[in-house]
There are 2 protein chains.
Amino acid sequence: MCEANAYLRKDGNDELFLEMVDRVVPGEEGLLLEDIFGRRKVIKAKIVELALVDHRIVLEKDEQN
Amino acid sequence: MCEANAYLRKDGNDELFLEMVDRVVPGEEGLLLEDIFGRRKVIKAKIVELALVDHRIVLEKDEQN
């Protein structure tokens, strides 16, 4: 399985936000993340880096929020 | 290896843009995509969907460009 873990970057540190993410879809409410079990989280953030071979998605909260 | 293929969505069709993408990093010039061999492409586009289990990254050109 090629899911990835999503991390939230805060002050240079990456904190785990959601594991085993399959889908990421930007929408008006923010980013919708869905893991391989169908569990969903929405966050007002942007993608700052994908590193798929390392199974990493790095997010940063939107500044205006 | 958990790389993905990047597609550009145009009029509802997804055209292959870059295969075996490892890294995606948004920057001022647009999205930087790097494949597992280190080959890079930059495109003024946004991510509209990640579907990692399907190895898919779907992009759409920025409207203002």
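Residues numbered from 1 in each chain as written. Chains lettered and ligands numbered in written order. Predicted model: local features only at pLDDT ≥ 70, side-chain atom pairs only at ≥ 80, totals over all residues. Heavy atoms only, no water.

Draft legend 1. Examining the overall build of chain A more closely. For chain A, the count of helices and strands is zero helices and six strands. A compact globule built from 65 residues should have a C-alpha radius of gyration of about 11 Å, and chain A, at 11 Å, falls within 12% of that. Expressed along its principal axes, the backbone C-alpha trace of chain A runs to roughly 35 × 25 × 15 Å. Burial status across chain A gives 43% buried among its 65 residues. (Helix = DSSP H or I, 4+ residues; strand = E, 2+ residues; numbered from the N terminus. Rg over C-alpha atoms; globule rule 2.2 N^0.38 Å. Buried < 20%, exposed > 50% of the residue type's maximum accessible area, 1.4 Å probe, protein only.)

Draft legend 2. Spotlight on the interface of chain B and chain A. With 20 residues of chain B in contact, the opposing surface of chain A contributes 20 residues. A combined buried area of about 1700 Å² lies between chain B and chain A, and 65% of that area is made up of carbon and sulfur atoms. Sorting the residues of chain B by area buried against chain A places B:C2, B:L50 and B:L52 first, and these three jointly supply 38% of that buried surface. Across the pair B:E49 and A:R23 runs a salt bridge, and its minimum N-O distance is 2.8 Å. Where chain B meets chain A, there are eight residue pairs in polar contact (both at pLDDT 80 or more). Only β2 (13-27) and β5 (45-51) of chain B provide two or more residues apiece to the side of chain B that touches chain A. Residue contributions to the side of chain B that touches chain A peak at six residues, all from β2(B). Pairing of strand β2 (residues 13-27) of chain A with β5(B), which is carried by two bridges, proceeds in the antiparallel orientation. Bridge assignment links A:V24 to a residue of β5(B), and that residue is B:L50. (Contact = heavy atoms within 4.5 Å. Buried area = accessible area lost by both parts, 1.4 Å probe. Salt bridge = Lys/Arg side-chain N within 4 Å of Asp/Glu carboxyl O. Polar contact = N/O pair within 3.5 Å; in protein donor to acceptor, adjacent residues only side chain to side chain. Pairing = 2+ DSSP bridges.)

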